[in-house]
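# Summary of the model geometry
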Amino acid sequence: MHLNELRLTNYRNYKKMELSFENKINVFLGENAQGKTNVMEAIYVLAMANSHRTSRDKELIKWDEEYAKIEGRIEKKTGSLSLQLVISQQGKKAKVNHLEQKKLSEYIGALNVVMFAPEDLNLVKGSPGVRRRFIDMEIGQVQPVYLYHLGQYIKLLQQRNSLLKNMRNSSQEKMIMMEILTDQLVEQAANVIIRRFRFIELLQEWAEPIHRGISRNLEELKIQYNPSAEVSETMDLSKIVEAYKQKFDKIKDREIERGVTLAGPHRDDLSFFVNGKDVQTFGSQGQQRTTALSLKLAEIELIKGEVGEYPLLLLDDVLSELDDFRQSHLLNTIQGRVQTFVTTTSVEGIHHSTLDKASMFEVK
Ligand code: ATP
Ligand code: MG
């Protein structure tokens with residue numbers, strides 16, 4: 001798929017902007033603080049209805065304006081689509097072909113993107129929350145039903161947590177309420193986790209050979225999902241439900257004492273191993289960056305496998321960070337198949353073979 005046109009109104013530092021793109025490499029060149037990342041972010045938000053930089057949507061609206069609007073025309077195998085997302089104090093409204101979408105989870109996924117930005121190093125180095133967000137966003141864009149289950153899970157989790165805070169002087173009524181909530185929570189947890197297992201399995205399948213290629217056959221990447229209960233990828237839904245129930249039974253007293261839910265998808269994490277060693281602890285800066293890059297390139301293939309088309313690739317400030325070998329490896333991987341957007345402050349950092357094929361946009 002590719003993006004033909006992008007129109008921004010009151011988005012960050014853009015009052016009004018309109019651009020057309022070709023289905024190839026598009027380079028945004030400009031000095032610091034001109035609005036390069038803002039364009040990349042806008043494309044990302046058009047696809048995901050969420051920013052990769054902030055969870056506070058208000059920041060996306062141009063200062064002193066009431067709303068921000070992003071519009072795009074995309075070309076897919078199934079035809080062309082017009083997308084529109086309006087962000088205001090009242091929230092977000094999304095349209096596909098001028099039809100308002102009742103739920104954002106139904107809108108997300110019309111356009112698929114993979115973003116690789118400097119913050120993605122946090123995928124390896126950062127807190128578990130960063131990795132959970134990565135998993136959730138990526139599964140969400142290929143499987144909207146995942147976002148439904150996740151949303152239900154989070155709602156039930158909040159209810160269960162507030163009940164747990166009041167459980168010390170427990171009554172019969174509260175006990176029954178807790179049982180009901182736990183049953184419902186466990187059901188959604190299982191629906192979330194089973195999709196996460198499948199996603200990690202696919203990601204591993206793609207990332208391993210890609211990582212081997214980028215590291216010149218020197219490194220083997222393994223991705224491991226660490227669940228907070230005794231569940232595994234070999235279990236079916238009912239087995240997972242059972243395992244969670246047992247877990248909650250076991251930790252009941254501790255949960256009441258602490259007043260929070262201590263197991264479930266919101267406590268899980270990912271680990272990355274290179275040649276058997278945890279990259280978060282032992283990896284060099286370069287190995288961590290290569291790991292993040294392998295994950296992103298794997299995602300491109302994973303999305304192609306799931307939705308039948310390549311997503312857009314957004315490379316914010318990262319191309320010039322990669323050495324020549326990694327740059328050409330990346331470009332060979334996407335070669336003519338993936339519409340790519342690149343930002344840079346100078347053309348020096350970008351390989352001439354890339355620039356030859358690119359459309360240039362000066363951002364000022
Ligand atoms: P760099 O090379 O440093 O990464 P950039 O070109 O990527 O720079 P952007 O992050 O796109 O720069 O930001 C451009 C400008 O947009 C910044 O000066 C910032 O202050 C401004 N900006 C950010 N949010 C808003 C907003 N809501 N309203 C108006 N301007 C904003
Ligand atoms: Mg930037």
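The following refers to the structure shown. Computed from a prediction, not measured in an experiment: that's the story for all the values here.

### A closer look at the pairing of strand 6 (residues 91-96)
In the case of a regular strand, side chains alternate between the two sheet surfaces. The pairing of strand 5 (residues 79-88) with strand 6 spans six bridges and is antiparallel. Looking across to strand 6, one finds that Gln 84 is bridged to Lys 95. Hairpin connection, strand 5 to strand 6: the antiparallel pair is bridged by two residues. With two bridges connecting them, strand 6 and strand 7 (residues 99-100) associate as antiparallel partners. From the neighbouring strand, Lys 95 faces strand 7, where its bridge partner is Glu 100. What sits between the antiparallel neighbours strand 6 and strand 7 is a turn of two residues, in which Asn 97 has the positive phi angle 50°.

### Considering the nonpolar core
Core analysis: the largest hydrophobic core is formed by 73 residues, its most contacted members being Ile 135, Tyr 244 and Leu 330. Here this core takes 16 residues from helix 6 (residues 172-214), the largest share from any one element. The two domains that each donate at least three residues to this core are domain 1 (1-112 + 309-364) and domain 2 (127-307). Beyond its immediate stretch of four places on either side in the chain, Leu 330 contacts Leu 293, Leu 297, Leu 313, Leu 315, Leu 319 and Leu 322. Formed by 44 residues, the second largest nonpolar core is a distinct cluster that contains Ile 43, Leu 46, Ile 61 and Ala 68.

### Section: the site of ligand 1
Taken together, 17 residues surround ligand 1, and among them Asn 32, Ala 33, Lys 36, Thr 37 and Ile 61 come closest. Measuring from an oxygen atom of ligand 1, one finds a side-chain N or O atom of Asn 32 at 2.9 Å. Side-chain polar atom of Lys 36 to an oxygen atom of ligand 1: 2.7 Å apart, as the coordinates give it. In isolation ligand 1 offers 650 Å² of accessible surface; the protein chains occlude 77% of this area. Its residues assigned to classes, the shell around ligand 1 shows three nonpolar, seven polar and seven charged.

### Quick word on the pattern of salt bridges
This structure, assessed with the given rule, holds 20 salt bridges. Arg 7 is paired through a salt bridge with Glu 71; the nearest N and O atoms lie 3.4 Å apart. Residue Arg 7 is located in strand 1 (residues 2-11), and its partner Glu 71 is located in strand 4 (residues 67-76); the two are separated by 64 residues in the primary sequence. Between Arg 131 and Asp 269 there is a salt bridge whose closest N-O contact spans 2.7 Å. Pair noted here: Arg 131 is in helix 4 (residues 128-142) and Asp 269 is in strand 10 (residues 269-274), with a separation of 138 residues, a long-range link. In this structure, Arg 131 and Asp 269 share a single accessibility class: buried. Taken together, the shared-partner salt bridges in this structure form one network comprising Glu 5, Arg 7, Glu 18 and Glu 71.

### Comments concerning the environment of Glu 299
Mapped onto the elements of the fold, Glu 299 is located in helix 10 (residues 285-307). Look at Glu 299 and you get buried, because its relative accessible area is 1%. Expressed as a C-alpha distance, the spacing of Glu 299 and Pro 311, which sit 12 residues apart in the sequence, is 9.1 Å. Here Glu 299 is in contact with Val 114, Phe 134, Glu 138, Gln 141 and Leu 203, once residues within four sequence places are set aside.

### A look at a negative patch on the surface
There is a patch of like negative charges on the surface, built from Glu 179, Asp 183, Glu 187 and Asp 249. Residue classification places Glu 187 among the partly exposed residues on the basis of a relative accessible area of 38%.

### What to know about the sheet that holds strand 8 (residues 113-116)
Reading across from one edge, 8-12-13-3-14 is the order of the five strands in this open sheet, with parallel pairing throughout. Of all strands in the sheet, those bounded by a partner on one side alone are strand 8 and strand 14 (358-362). Within this sheet the neighbouring strands show an average axis-to-axis angle of 15°, counted without direction. In this sheet, strand 13 (residues 340-344) lies alongside strand 3 (residues 25-29) in parallel orientation, the contact comprising five bridges. Within strand 13, the residue paired with Ile 25 across the bridge is Thr 340.

Calculation criteria
- Residues numbered from 1 in each chain as written.
- Chains lettered and ligands numbered in written order.
- Predicted model: local features only at pLDDT ≥ 70, side-chain atom pairs only at ≥ 80, totals over all residues.
- Heavy atoms only, no water.
- Pairing = 2+ DSSP bridges.
- Helix = DSSP H or I, 4+ residues; strand = E, 2+ residues; numbered from the N terminus.
- Core = buried A, V, L, I, M, F, W, Y, C linked by side-chain atoms within 4.5 Å.
- Buried < 20%, exposed > 50% of the residue type's maximum accessible area, 1.4 Å probe, protein only.
- Domains from an automatic or database assignment.
- Contact = heavy atoms within 4.5 Å.
- Near = heavy atom within 4 Å.
- Polar contact = N/O pair within 3.5 Å; in protein donor to acceptor, adjacent residues only side chain to side chain.
- Areas by Shrake-Rupley, 256 points an atom, 1.4 Å probe, with all protein chains shown as cover.
- Nonpolar A, V, L, I, M, F, W, Y, C, P; charged D, E, K, R; others polar.
- Salt bridge = Lys/Arg side-chain N within 4 Å of Asp/Glu carboxyl O.
- Patch = residues over 30% accessible without salt bridge, like charges linked within 9 Å, V, L, I, M, F, W, Y side chains within 5 Å.
- Lys, Arg positive; Asp, Glu negative; His and termini not counted.
- Charge placed at Lys NZ, Arg CZ, Asp CG, Glu CD.
- Axes fitted to C-alpha atoms, helices over the stretch in contact; angles between N-to-C directions.

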